[in-house]
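The chain contents come next:
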Amino acid sequence: CTIAYTGLRQYELHNARFSASATMSVRLKYLPAEGKQFKVLQRSGSEKLSRILDKLLEWEAHTSRPAEIDHYGITPENYSAELLGTEVQAGRACFVLELQARTKCRFLVDGKAWVDQDSLELVRLEGRTAASVSMWVGQPHITQEFSDTDGIWLPVRFKSASSTLLLGSCDLDARFSQYEVD
């Protein structure tokens, strides 16, 4: 994205095996020349799960930097794609693409992308990470939804579900709101 913006995020992370949860409210600031910056406004719940949320923010900030961003975008360099057909998603006519990451990377996804037929913007992304996120999380199934905000497409929801032998199932739900585009 070449436009600066700010927004609010609400994260909820639940682990069923240990009956533990953590929530976090975060203010996001994106500057094209610097990437994403996060300020935690409020947190509650499990300290261990809260540290996982901190790590997610750290990874996202890193991958959004100008020197890094091209390594993780949906581009021909990072993915092979095959047109599967068309579907309506979030009230929009979309092309449905099968995506296959060209490299094993925890920040890339093997799955499907729904691309708006008119704007050619990403409406939805769903699949598994192309590599293990960590030995604790494995390869989670993720879903990310996007929406037009003042002329730019930004994420509005992110969900992740993982299950490992050691930790059992973990579910992350993040909702994004109050975007302001500069």
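Everything below is about the structure printed above this text.
Residues numbered from 1 in each chain as written. Predicted model: local features only at pLDDT ≥ 70, side-chain atom pairs only at ≥ 80, totals over all residues. Heavy atoms only, no water.

Right, let's get into the overall build of the chain. Broken down by element type, the chain carries 1 helix and 10 strands. If you list the helices and strands of the chain from N to C, you get β-β-β-α-β-β-β-β-β-β-β. Taking 182 residues into account, the globule formula puts the C-alpha radius of gyration at 16 Å, and the chain, at 16 Å, falls close to it. In terms of overall dimensions, the chain has C-alpha extents of about 45 × 40 × 35 Å along its principal axes. Looking at the chain residue by residue over its 182 residues, the buried ones come to 41%. Accessible surface, the chain as shown: approximately 10200 Å² in total, 51% of it carbon and sulfur. Taken as two groups, the 21 positive and 24 negative side-chain charges of the chain have centres that lie 8 Å from each other. (Helix = DSSP H or I, 4+ residues; strand = E, 2+ residues; numbered from the N terminus. Rg over C-alpha atoms; globule rule 2.2 N^0.38 Å. Buried < 20%, exposed > 50% of the residue type's maximum accessible area, 1.4 Å probe, protein only. Areas by Shrake-Rupley, 256 points an atom, 1.4 Å probe, with all protein chains shown as cover. Lys, Arg positive; Asp, Glu negative; His and termini not counted. Charge placed at Lys NZ, Arg CZ, Asp CG, Glu CD.)

Take the environment of Glu87 next. Mapped onto the secondary structure, Glu87 falls in strand E4 (residues 79–89). Considered as a pair, Glu87 and Tyr11 are 76 residues apart in the sequence and their alpha carbons are 29 Å apart. Glu87 has contacts with Arg92, Ala93, Cys94, Val96 and Trp114, leaving out every residue within four places of it along the chain. Within the local environment of Glu87, its side chain forms a polar contact with the side chain of Trp114, the two groups lying 3.0 Å apart. (Contact = heavy atoms within 4.5 Å. Polar contact = N/O pair within 3.5 Å; in protein donor to acceptor, adjacent residues only side chain to side chain.)

Turning our attention to the nonpolar core. Among the nonpolar cores identified, the biggest contains 37 residues, and Tyr5, Tyr11 and Leu53 are the most heavily contacted of them. If you tally residues by element for this core, the top one is strand E2 (residues 20–31), at 6 residues. Tyr5 has contacts with Leu28, Lys29, Tyr30, Lys36, Ile152, Leu154, Tyr179, Glu180 and Val181, leaving out every residue within four places of it along the chain. (Core = buried A, V, L, I, M, F, W, Y, C linked by side-chain atoms within 4.5 Å.)

A cluster of nonpolar side chains, Met135, Trp136 and Leu166, forms an exposed patch at the surface whose accessible area comes to about 370 Å². Position of Met135 among the secondary structure elements: in the loop between strand E7 (122–129) and strand E8 (141–149). (Patch = residues over 30% accessible without salt bridge, like charges linked within 9 Å, V, L, I, M, F, W, Y side chains within 5 Å. Salt bridge = Lys/Arg side-chain N within 4 Å of Asp/Glu carboxyl O.)

Moving on, we get to the pattern of salt bridges. One pass over the full model with this rule turns up 10 salt bridges. Between Glu126 and Arg124 there is a salt bridge; the shortest N-O distance is 2.8 Å. Among the residues examined, Arg124 registers a relative accessible area of 16% and is labelled buried. Salt bridges sharing common partners tie together Arg9, Lys36 and Glu60.

Another point: the side chain of Thr143. Mapped onto the elements of the fold, Thr143 is located in strand E8. In contact with Thr143, other than residues within four places in its own chain, are Arg124, Leu125, Glu126, Arg157, Phe158 and Lys159.

In spatial order, the strands read E3-E2-E1-E10-E9-E8-E7-E6-E5-E4; together these 10 strands make up an open sheet with antiparallel pairing. If you trace the sheet from one side to the other, it starts and ends with strand E3 (35–45) and E4, each paired once. For this sheet, the mean angle separating the axes of adjacent strands, direction not counted, is 15°. Looking at chain direction, strand E5 (residues 92–101) and strand E6 (residues 109–116) are connected through 6 bridges and run antiparallel. When the sheet's bridge partners are listed, Leu97 is paired in E6 with Ala113. (Pairing = 2+ DSSP bridges. Axes fitted to C-alpha atoms, helices over the stretch in contact; angles between N-to-C directions.)

Bridge count for E4 against E5 is 10 bridges, and the pairing is antiparallel. Along E5, the bridge assignment pairs Leu83 with Leu97. Where E4 hands over to E5, the hairpin turn is made up of 2 residues, of which Ala90 adopts a positive phi near 55°.

This next bit is on unusual backbone geometry. If you check the backbone angles, Ala90 has positive phi at about 55° while not being a glycine. Turning to its location among the elements, Ala90 is positioned in the loop between E4 and E5. Non-glycine residue Asp150 carries a positive phi angle of around 50°.

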